[in-house]
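Okay, here's what each chain looks like letter by letter:
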Amino acid sequence: MLNVINKMSIKMESRSVNEGFARQTVAAFIAQLDPTMEELGDIKTIVSEAVTNAIVHGYRDHLGYITVTVRLFDDRTAEIKVKDSGCGIPDIEQARQPMFTTGDEERSGMGFTIMESFTDKLRVRSTVGKGTLVTLIKTIRGRQGDAP
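Structural notes, computed from the coordinates. (Residues numbered from 1 in each chain as written. Predicted model: local features only at pLDDT ≥ 70, side-chain atom pairs only at ≥ 80, totals over all residues. Heavy atoms only, no water.)

**Remarks on the packing of aromatic side chains**
Phase 1 of the analysis: Throughout the structure, instances matching the rule amount to 0 aromatic pairs.
Phase 2 of the analysis: A cation over a ring is seen here: lysine 11 above tyrosine 65, with NZ or CZ 4.9 Å from the ring centre. (Phe/Tyr/Trp six-rings, centres within 6.5 Å; stacked < 30°, edge-to-face > 60°. Lys NZ or Arg CZ within 6 Å of the ring centre and 35° of its normal.)

**Some words on unusual backbone geometry**
Phase 1 of the analysis: A positive phi angle is found at aspartate 34, which is not glycine, with a value near 55°.
Phase 2 of the analysis: Note on placement: aspartate 34 falls in the loop between helix H1 (18-30) and helix H2 (37-58).
Phase 3 of the analysis: Exposure remark for aspartate 34: the relative accessible area of 30% places this residue in the partly exposed category. (Helix = DSSP H or I, 4+ residues; strand = E, 2+ residues; numbered from the N terminus. Buried < 20%, exposed > 50% of the residue type's maximum accessible area, 1.4 Å probe, protein only.)

**Overview of the packing of H1 against H2**
The description of two helices packed together rests on the angle between their axes and the distance between the axes.
Phase 1 of the analysis: Across the interface, H1 lies against H2 with an axial gap of 9 Å and an inter-helix angle of 145°. In this structure, H1 meets H2 at a crossing whose hand is right-handed. Side by side, H1 and H2 meet where Glu19, Ala22, Arg23, Gln24, Val26, Ala27 and Ile30 of the first sit next to Leu40, Ile43, Lys44, Val47, Ser48, Val51, Thr52 and Ile55 of the second.
Phase 2 of the analysis: Residues of the contact of H1 with H2, tallied by class, amount to 9 nonpolar, 3 polar and 3 charged. (Axes fitted to C-alpha atoms, helices over the stretch in contact; angles between N-to-C directions. Left-handed = near helix turned anticlockwise from the far one by under 90°. Contact = heavy atoms within 4.5 Å. Nonpolar A, V, L, I, M, F, W, Y, C, P; charged D, E, K, R; others polar.)

**Details of the nonpolar core**
Phase 1 of the analysis: Counting 33 residues, the largest nonpolar core has Val26, Ile30, Ile66, Val68 and Ile80 as its most contacted members.
Phase 2 of the analysis: For this core, the leading source of residues is H2, giving 7 residues.
Phase 3 of the analysis: Contacts of isoleucine 80, omitting those with residues within four sequence positions, involve Val26, Ile30, Ile43, Ile46, Val47, Val68, Thr69, Val70, Val134, Thr135 and Leu136. (Core = buried A, V, L, I, M, F, W, Y, C linked by side-chain atoms within 4.5 Å.)

**Quick look at the pattern of salt bridges**
Phase 1 of the analysis: Tallying each qualifying case throughout the model produces 4 salt bridges.
Phase 2 of the analysis: Across the pair arginine 15 and glutamate 13 runs a salt bridge whose closest N-O atoms are separated by 2.6 Å.
Phase 3 of the analysis: Given the relative accessible area of 27%, glutamate 13 is considered partly exposed.
Phase 4 of the analysis: Glutamate 79 is the partner of arginine 71 in a salt bridge, and the nearest nitrogen-oxygen pair spans 2.7 Å.
Phase 5 of the analysis: The exposure class assigned to arginine 71 is partly exposed, which follows from its relative accessible area of 26%. (Salt bridge = Lys/Arg side-chain N within 4 Å of Asp/Glu carboxyl O.)

**Thoughts on the sheet that holds strand E2 (residues 65-73)**
Phase 1 of the analysis: The strand order across the open sheet built from 5 strands is E1-E2-E3-E5-E4, with neighbouring strands paired in antiparallel fashion. Looking at the sheet topology across the chains shown, the edges are occupied by strand E1 (4-13) and strand E4 (121-127). Mean inter-strand twist for the sheet, computed between neighbouring axes without regard to direction, equals 10°.
Phase 2 of the analysis: Bridging between E2 and strand E3 (residues 77-84) involves 7 bridges; their strand directions are antiparallel. (Pairing = 2+ DSSP bridges.)

What follows is the structure, encoded as structure tokens:
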């Protein structure tokens, strides 16, 4: 059984300026696992995509709250959860298809595809009218194996 070695949670309004705050906060927290620069970039990317999805799609026309929770396990696995109480996703399989978007023409529809490509595991749970929970799992191999 895996043991949680550290945990943090932040709650913020669904304002676009808070996406950068969430991305940097999670990256700073995960830094204790001594990730490579590539792993840190992956973490920033998946947090950015998940939080942006909540802002743009979950709360299309109003403000709400987004909670980001990170748990670090003794096997160097990071579990990142991004939760909103927005409109929810009617068809998760459709939403996970590349190029599908409910946003405007500026949106690429690649959020879930990007998240999936930078994580070891991606889970999406959603209820229409109640919100969405995105769980991202990534093992941090870290720099400890790098030769000086």
